[in-house]
Amino acid sequence: MRLSRYTDYALRVLLYLGARPGSLSSVATIAATYGISQNHLTKVVHDLGKAGYVTSVRGRSGGIQLGRDPATINIGAIIRHGETDLQLFPCPDCLILPACSLASVVDEALAAFLAVLDRYTLADLLDQRIDGLRRLFDLPPASLPAATPKDHE
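The sections below set out a description of the structure shown in this document. (Residues numbered from 1 in each chain as written. Predicted model: local features only at pLDDT ≥ 70, side-chain atom pairs only at ≥ 80, totals over all residues. Heavy atoms only, no water.)

With 17 residues, helix α5 (residues 102–118) extends 24 Å from end C-alpha to end C-alpha; this agrees with the ideal 24 Å at 1.5 Å per step. Turning to α5, its buried residues number three or more, namely Ala-103, Val-106, Leu-110, Leu-114 and Leu-117. Mapping the buried residues of α5 onto a view down its axis gives an arc of 70 degrees, with all of them on the same face. Summarising the contacts, the buried residues of α5 are in contact with α4 (75–82). (Helix = DSSP H or I, 4+ residues; strand = E, 2+ residues; numbered from the N terminus. Expected span 1.5 Å × (residues − 1). Buried < 20%, exposed > 50% of the residue type's maximum accessible area, 1.4 Å probe, protein only. Arc of directions from axis to C-beta. Contact = heavy atoms within 4.5 Å.)

So this is what it looks like as structure tokens:
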């Protein structure tokens, strides 16, 4: 199973903003920090804003910040928000569907995957590594390893 580039970028943005509470950041800075496409990241941030995960402040000294407390941002919900298709197999079109038990096993595995993610919030991820993240994010832009998403946009 692979998550989309959208979900990858959404999680990266939320981690970046969560590591800098109370600070405004620009999409350009976040994109440069991760070495990822600013154009694609802008679309992700816009969508996160529509969903209330991110808020923006307009103007010369504006930027973006978390729109919610990190303790209320559920990782499973972010995955579900970002993924347009969590179906792992094209079962509805399959000839053997009426006699196959694979679909129920895969559905159970997907439910277990999401259940684990549902147990965590952004605050949980930040609490465990906040100091390390802050040190990394204070590096000059593009000093972090480049993004290597392995799937579709």
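Empty space left among the atoms is revealed by rolling a probe the size of a water molecule over them. A volume near 270 Å³ is recorded for the largest pocket. Listing elements by their share of the lining of the largest pocket, those giving two or more residues are α3 (38–50), β1 (54–57) and β2 (63–66). No other element matches the 5 residues that α3 contributes to the lining of the largest pocket. In terms of residue class, the lining of the largest pocket is built from 5 nonpolar, 6 polar and 2 charged. (1 Å grid on protein atoms, 1.4 Å probe; cavity = no way out; pocket = protein on both sides within 12 Å on 5 of 7 lines; lining within 4 Å. Points joined across faces, edges and corners; volume = space filled by probe spheres on them. Nonpolar A, V, L, I, M, F, W, Y, C, P; charged D, E, K, R; others polar.)

A pair of packed helices is captured by two measures, namely the crossing angle of their axes and the spacing between those axes. At a closest axis distance of 10 Å, the pairing of helix α1 (residues 5–18) and α3 adopts a crossing angle of 70 degrees. It follows from the interaxial angle that α1 and α3 lie roughly perpendicular. Counting all contacts with α1, which are made through Arg-5, Tyr-6, Tyr-9, Ala-10, Val-13 and Leu-14, the residues of α3 involved are His-40, Leu-41, Val-44, Val-45, Asp-47 and Leu-48. (Axes fitted to C-alpha atoms, helices over the stretch in contact; angles between N-to-C directions. Parallel < 35°, antiparallel > 145°, perpendicular 65-115°, else oblique.)

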